[in-house]
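Descriptive analysis of the structure
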Amino acid sequence: MRINFVAWIIFILLTAIAARLGYWQILNGDNLARAASLQRSLSRPIPAQRGQILARDGKILVANESGYLLFASTVDLKVKPAEAAGKLAPILSAATAEDQGELSLPKDTILPKIEIKDLEKTLTVKLSQADNYYIPLAHRLKQKYADQIYALGIYGLGFDQEPRRLYPEGSLLATTLGFVGSSATGDPLGYFGLEGFYNGELSGRNGVQHLERDAAGHPILLGDSNTLAPQDGRSITTTIDRFVQLIVEKHLREGVEKYGARKGTAVVMDPKTGGILAAVTWPAFDPRGYQYFSKDFYTDDAVSDTYEPGSTFKVLTMAAGIDSGTVTPDTICAACGAPFEVQGHSIRTWNNQYYPTGETMTKVLEHSNNVGTAWLATKMGKDKFYSYAKAFGVGDKTGIDIEGEESGIFYDPKKIAPIDLATMAFGQGFSTTAVKILQIVGTVANGGKLPQLHIVSKLTDTGVDIPLKIPDPKQVIKPLTASLLTQMMIGAVEHGEAHRLVPPGYRVAGKTGTAQVPVAGHYDAHKTVASFVGFAPAEDPKFVMIVKYVEPTTTPFGATTAVPTFMDITKELFGYFGVAPSTP
Amino acid sequence: MTARKHHLHRLHHTAPTGRVSESRTLRRLASGVVILTIGLAAISLVTANNLATQGKASQDLDQQISSVQSENNSLTAENAQLTAVTKIYAQALAAGFVSPKKLQNLTRIPVVALLNP
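Residues numbered from 1 in each chain as written. Chains lettered and ligands numbered in written order. Predicted model: local features only at pLDDT ≥ 70, side-chain atom pairs only at ≥ 80, totals over all residues.

Each helix and strand counted, chain B has three helices and zero strands in total. Within chain B, the fraction of its 117 residues that count as buried is 4%. (Helix = DSSP H or I, 4+ residues; strand = E, 2+ residues; numbered from the N terminus. Buried ≥ 20, exposed ≤ 12 C-beta atoms within 10 Å, placed from the backbone.)

A few words on the overall build of chain A. Of regular secondary structure, chain A possesses 18 helices and 23 strands. Taken against the 2.2 N^0.38 rule, which gives 25 Å for 584 residues, the C-alpha radius of gyration of chain A at 33 Å runs more than 25% over that of a compact globule. Looking at chain A as a whole, 46% of its 584 residues are labelled buried. Excluding contacts between residues fewer than 6 apart, the proportion of contacts in chain A whose partners are at least 24 apart in sequence is 74%. (Rg over C-alpha atoms; globule rule 2.2 N^0.38 Å. Contact = placed C-beta atoms within 7 Å.)

In this complex, chain B contributes 21 residues to the contact, which on the side of chain A involves 24 residues. Mapped onto the side of chain B that touches chain A, the elements with two or more residues apiece are helix H1 (2–82) and helix H2 (85–94) of chain B. For the side of chain B that touches chain A, the leading source of residues is H1 of chain B, giving 14 residues. Looking at the side of chain B that touches chain A residue by residue, the classes come out as eight nonpolar, twelve polar and one charged. (Nonpolar A, V, L, I, M, F, W, Y, C, P; charged D, E, K, R; others polar.)

Turning our eyes to something else, we now look at the pairing of strand E8 (residues 179–182) of chain A. Residue and element names in this part refer to chain A. Relative to strand E9 (residues 188–191), E8 runs antiparallel, the two sharing four bridges. The residue of E9 that forms the bridge with Gly-181 is Leu-189. The turn linking E8 back onto E9 is made up of five residues, and Gly-186 within it adopts a positive phi angle of 90 degrees. (Pairing = 2+ DSSP bridges.)

Let us look at the pairing of strand E18 (residues 456–461) of chain A. Residue and element names in this part refer to chain A. Bridging between strand E12 (residues 235–238) and E18 involves four bridges; their strand directions are antiparallel. When the sheet's bridge partners are listed, Thr-237 is paired in E18 with Lys-458. Linking E18 to strand E19 (residues 464–467), which pair antiparallel, is a turn of two residues; within it Thr-462 sits at a positive phi near 40 degrees.

Attention now moves to the nonpolar core. Core analysis: the biggest nonpolar cluster contains 135 residues, and Val-267, Val-315, Ala-319, Leu-438, Val-441, Leu-485 and Met-545 of chain A have the highest contact counts within it. When sequence neighbours within four positions are dropped, the list of residues in contact with Val-315 of chain A reads Ile-440, Val-441, Val-444, Leu-485, Met-489 and Lys-511 of chain A. (Core = buried A, V, L, I, M, F, W, Y, C linked by C-beta atoms within 7 Å.)

A separate point is the sheet that holds E12 of chain A. Picture the strands of a sheet paired through backbone hydrogen bonds; they go either parallel or antiparallel. Sheet architecture is open: six strands sit in the order E7-E3-E2-E12-E18-E19 (chain A), paired in mixed fashion. Of all the strands in the sheet, the pair left with one neighbour each is strand E7 (164–166) and E19 of chain A.

What follows deals with the sheet that holds strand E23 (residues 543–550) of chain A. Residue and element names in this part refer to chain A. With antiparallel pairing, the five strands of this open sheet are ordered in space as E14-E13-E23-E22-E21. Where the open sheet ends on each side, the last strands, each with one partner, are strand E14 (276–282) and strand E21 (509–519). Across this sheet, the average inter-strand angle for adjacent strands is 10 degrees, counted without regard to direction. Bridging between E21 and strand E22 (residues 522–536) involves eleven bridges; their strand directions are antiparallel. Across the sheet, the residue bridging to Val-519 is His-522, located in E22. (Axes fitted to C-alpha atoms, helices over the stretch in contact; angles between N-to-C directions.)

Glancing now at the environment of Ser-431 of chain A. Residue and element names in this part refer to chain A. Tracing the backbone through its elements, the reader meets Ser-431 in the loop between helix H15 (418–424) and helix H16 (434–445). Between the alpha carbons of Ser-431 and Gly-408 there is a distance of 4.9 Å; along the sequence they are 23 residues apart. If near-sequence neighbours (up to four positions away) are discounted, Ser-431 is found in contact with Thr-306, Tyr-307, Glu-308, Gly-408 and Ile-409.

In terms of burial, H2 of chain B is a largely surface element, one of the ten residues being buried. The positive-phi residue at the C-terminal boundary of H2 of chain B is Gly-96 of chain B, with phi of around 95 degrees.

Residue and element names in this part refer to chain B. For chain B, the mean per-residue pLDDT works out to 76, and 69% of the residues sit at or above 70. Across chain B, the element-wise mean pLDDT spans from 46 in helix H3 (residues 111–115) up to 91 in H2. This stretch, residues 108–117, has a pLDDT under 50; its non-local contacts, to residues over four places away or in other chains, come to one contact. (pLDDT = per-residue confidence, 0-100.)

Residues and elements named next belong to chain A. Running from N to C, helix H11 (residues 314–323) and H16 point in directions that differ by 45 degrees, and their axes come no closer than 9 Å. Here H11 lies oblique to H16, going by the angle between them. Judged by the sense of rotation from one axis to the other, the crossing of H11 with H16 is left-handed. Two secondary-structure elements touch here, H11 through Val-315, Leu-316 and Ala-319 and H16 through Ile-440, Val-441 and Val-444. Partitioned by chemical class, the residues of the contact of H11 with H16 number six nonpolar, no polar and no charged. (Parallel < 35°, antiparallel > 145°, perpendicular 65-115°, else oblique. Left-handed = near helix turned anticlockwise from the far one by under 90°.)

Moving on, we come to helix H18 (residues 562–577) of chain A. All names here are of chain A. With 16 residues, H18 extends 22 Å from end C-alpha to end C-alpha; this agrees with the ideal 22 Å at 1.5 Å per step. By the criterion of burial, H18 is predominantly enclosed, with twelve of the 16 residues buried. As for H18, its buried residues are in contact with helix H9 (242–258), E21, E22 and E23. Directly beyond the C-terminal end of H18, a positive phi value near 65 degrees is found at Gly-578. (Expected span 1.5 Å × (residues − 1).)

Residue and element names in this part refer to chain A. Contact geometry of H11 with helix H14 (residues 382–391) gives a least axis separation of 10 Å together with a crossing angle of 115 degrees. As H11 runs across H14, the sense of the crossing is right-handed. In contact with Leu-316, Ala-319, Ala-320 and Asp-323 of H11, H14 contributes Lys-384, Phe-385, Tyr-388 and Ala-389. In terms of residue class, the contact of H11 with H14 is made up of six nonpolar, no polar and two charged.

As a further point, take unusual backbone geometry. Residues and elements named next belong to chain A. Here Trp-282 and Pro-283 are connected by a cis peptide whose omega angle stands at 5 degrees. Checked against the element boundaries, Pro-283 lands in the loop between E14 and helix H10 (301–304). Going from Ala-536 to Pro-537, the amide bond is cis rather than trans, its omega being -15 degrees. Along the polypeptide, Pro-537 turns up in the loop between E22 and E23. The residue Gln-343 is not glycine, and still its phi comes out positive at about 50 degrees. Structurally, Gln-343 can be placed in the loop between strand E15 (340–342) and strand E16 (345–347). For Gln-343, a count of 9 C-beta atoms within 10 Å corresponds to the exposed category. Positive phi, close to 55 degrees, is recorded for Glu-551, a residue that is not glycine. Inspection of the secondary structure puts Glu-551 in the loop between E23 and H18.

So this is what it looks like as structure tokens:
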């Protein structure tokens, strides 16, 4: 009897246990398994390193340095928000002040002042959010500031790796490099310049590590772990020469100030390869603190700013005229004795001087004669003019690898009236970019072959170099035409206003340009774009360069603004490239 | 009779001997189970300890790698900043260097002349 009773008790107990087990295992099994998995599994992102940007000598233009994102978990915070904020504010304030102190800012820039009390209030508000596991408090902190915060020992604060972009050369080459900001999802994203154009190559792919941990939080070696390794971004090697860049940037900055220009642009190219040696737009932003600058400073004017090129475009008109056999350098302009009448419009020279006799095509270029160029284009006809313009790629992008290149506006030949053809011949009535003009003149320096402009020569992926395929240059004018035009451009420099500025013993080929700025349907009499484009030494060009000032105020002409800057740079480049004088 | 007596005698003597043997076997079995349990527990403890130690070691290695990478980044950054052309230029100016006003290029002696004096 007693045995039976005990047996029943045991049976009931076992049934109860079985029922309870069934409840945990079957009814609640999935939830519990999930909870257990969350408790013991750890998943952490492994950030990919963004690729470096290197100069042609392999030196760093942009790299990475350690940086940290400071976050708070208010669930774990053991101190009062105000107390934590009081300890954090002085450190974060010092970190921001140091970052701001390193910036190259325009003179009139006033940075927002960081008051510690204001920062403390902001932090207190953030830290007072209830039940929040992840509140970002500061981005890209330097190691030393992360160490200081760690030393405070505030439970509930944490760090994530958030590398900082490092710019050893400061704001040098800023608009060409671009900057790295954040995408909508908070991931690093390149904007403008090379960072924007090559963002896909530079950014790589983040990895992730899943592992099981023990009660102390240490990983369990034989646990269920798997790792997706990060794929670091590719590094890019540019054609930029740091010394040429420094020389050009120094002179252009001085020029913008000296001539009271609204902005300035200068680009130097190797005519044989099409590789850009230096590119400057000034004023520019500082990539270390891009957020403090107006968005107007972000674009690279060399590729983005379209303008009427003015007389620098006469090089193309003359190239077309000679190459098509319409004229030779010695052909005399038959209409240069007076203003040129087209469809009731009167085309005048820039200084109202006319040459009834002996105005050869060489002289037309030397005098920058609008009448002579308009006469030549009219004689050539719009079809020939247009076919050469298209061969040079006018109205198209150069294809340079910088984000934000514009193509400008060049009209369809069917819509070109005789007056349009006449004005386009001397660079009015359409728009283009500085790099396009550089490419056109680079063609003359390159024996008639249109150089493919580029700024990146190779990519490097985990130590393996991947050279970029640069298309072979296309022959757009005959080598003889290029040679004749070079002589004419030397004449334009040596017999023009620029001749006193040419370094003694050297021959420079070039052309000035002073274009009026169209405003609301007419040309503003006081605003010009002053430029000079040329190459040197003319016999065996080491570089092609364009210098452009927008709205210079001291003097409106290219000959008195862009030419002095061009020649100052040229003198230094001759020394740097070791170019000996060609004449005693 | 003698045979039956003998048989009874055997039964009498056999029964107690069997119980003793059974109990000894059970005791041995129990001891074995206990020893096995202790052994397994010890092995499990040692293994768990090893895993925990190695897990910690693995984590330490991860931290070391991260620290070395961070140091490498810092050294790269320092090197890049020290060799920055803008910095060198500023230092040169501070040291009193000036840009040359006039450059004179000397004619280079051809290599052929050097080889055949």
